[in-house]
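# Fold and contact review
What follows is the residue order along each chain.
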Amino acid sequence: MSRALRTAAVAATALVAALGLSACDSGSSTSADAPAKPSASTSASTSTAANAPGAASTAGARDAPDTTDTTDTAGAQPDSGATKASSSGGNGKPAAAVTGRCHTAGLTFSFGNGDQGYSSSDDQQHLEVVMTNSSGTTCTVKGFPGVDLRAADTWSLVRSSTSASTVTLKPGANASFVITYLPWEAGSGVEFKAKSLVITPPNETTSATLNWPGGNVLRQDGATHPGTYVGPVTAS
């Protein structure tokens, strides 16, 4: 080969080598200088975890003491004070006992004036009838008793205009009412020869009978304002 050809070949080889080295240096520089970019998925995951509510507390929950109240309320017993208040009307006091009315069978009857005779003057007489609670329990009575004078027939006495009030009778206590009547005397009118007195306590249907202690009574069962009548039950 001629010298000129060898020189051209060597120059060509050197140029190729130079071009290869230049390419290698360029790739190395690009790779080394370019900053690494995080992947989209990694960035999104990190951002989501950092902004999620409770992320910090969840991280420390393992070491934090458990302060949650784990008391089982399903089987909790009711408060005794509330139970008492409910059973006593809500004020903590026992409910007041209800007192029933007095019944004929639980009462005994007598005359406050005794069984002595009454005068037969034309002045009005007043006969007190006493009712004693013999039932053993407290009871109440209010109103007018039914009172019948009996002879050959029956005379039901009218009531006075006096107001009635409730009377509470403890065992052994007394209440009373008064029968006001006009005695009969010759020439005064029709004579009613009373023999017995039938008493029906207020709101009762059972009666008790006493012998009439007074004399004969001036009959006025048809009068508008008779002088013989019965008053309400009052405390003795």
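Residues numbered from 1 in each chain as written. Predicted model: local features only at pLDDT ≥ 70, side-chain atom pairs only at ≥ 80, totals over all residues. Heavy atoms only, no water.

### Side note on the overall build of the protein chain
The helix and strand inventory of the protein chain stands at four helices and 14 strands. Taking all 236 residues of the protein chain together, 26% fall into the buried category. Within the protein chain, contacts between residues separated by at least 24 positions form 76% of all contacts whose residues are at least 6 apart in sequence. Carbon and sulfur atoms form 54% of the exposed surface of the protein chain, whose accessible area is close to 15500 Å². (Helix = DSSP H or I, 4+ residues; strand = E, 2+ residues; numbered from the N terminus. Buried < 20%, exposed > 50% of the residue type's maximum accessible area, 1.4 Å probe, protein only. Contact = heavy atoms within 4.5 Å. Areas by Shrake-Rupley, 256 points an atom, 1.4 Å probe, with all protein chains shown as cover.)

### Observations concerning the environment of A152
Within the secondary structure, A152 is located in the loop between β4 (146-150) and β5 (154-156). Its relative accessible area of 87% is what places A152 among the exposed residues. Along the chain, A152 and K195 lie 43 residues apart, while their C-alpha atoms are 8.7 Å from each other.

### Observations regarding the sheet that holds strand β10 (residues 196-200)
The strand order across the open sheet built from four strands is β5-β4-β10-β11, with neighbouring strands paired in antiparallel fashion. One side of each edge strand has no neighbouring strand; the edge strands of this open sheet are β5 and β11 (208-211). On average, adjacent strands in this sheet sit at an angle of 25° to one another, irrespective of strand direction. (Pairing = 2+ DSSP bridges. Axes fitted to C-alpha atoms, helices over the stretch in contact; angles between N-to-C directions.)

### Some words on the nonpolar core
Counting residues in hydrophobic clusters, the biggest one holds 29 residues, and the most contacted among them are M131, L149, L169, F177, I179, L197 and W212. The set of elements that each furnish at least two residues to this core consists of β1 (107-111), β2 (125-133), β3 (139-141), β4, β7 (167-169), β8 (174-181), β10 and β11. Considering every element that reaches this core, the biggest residue donor is β8, with four residues. Setting aside residues no more than four positions away along its own chain, I179 makes contact with Q125, H126, L127, V129, V147, L157, L197, Y229 and V230. (Core = buried A, V, L, I, M, F, W, Y, C linked by side-chain atoms within 4.5 Å.)

### Side note on the state of the cysteines
Applying the stated criterion to the full structure yields one disulfide. The partner cysteine of C102 in its disulfide is C139, sulfur to sulfur 2.0 Å. One disulfide, between C102 and C139, carries an S-S torsion of 90° and so falls in the right-handed class. One end of the pair, C102, is in the loop between α4 (80-87) and β1; the other, C139, is in strand β3, with 37 residues separating them in the sequence. Of the two residues examined, C102 and C139, each falls in the buried class. (Disulfide = S-S within 2.5 Å.)

### Regarding the confidence of the model for the protein chain
For the protein chain, per-residue confidence averages 73 on the pLDDT scale, and residues scoring 70 or more make up 55% of the total. For the stretch residues 21-88, pLDDT sits under 50, and the model shows eight contacts to residues farther than four places along the chain or on other chains. (pLDDT = per-residue confidence, 0-100.)

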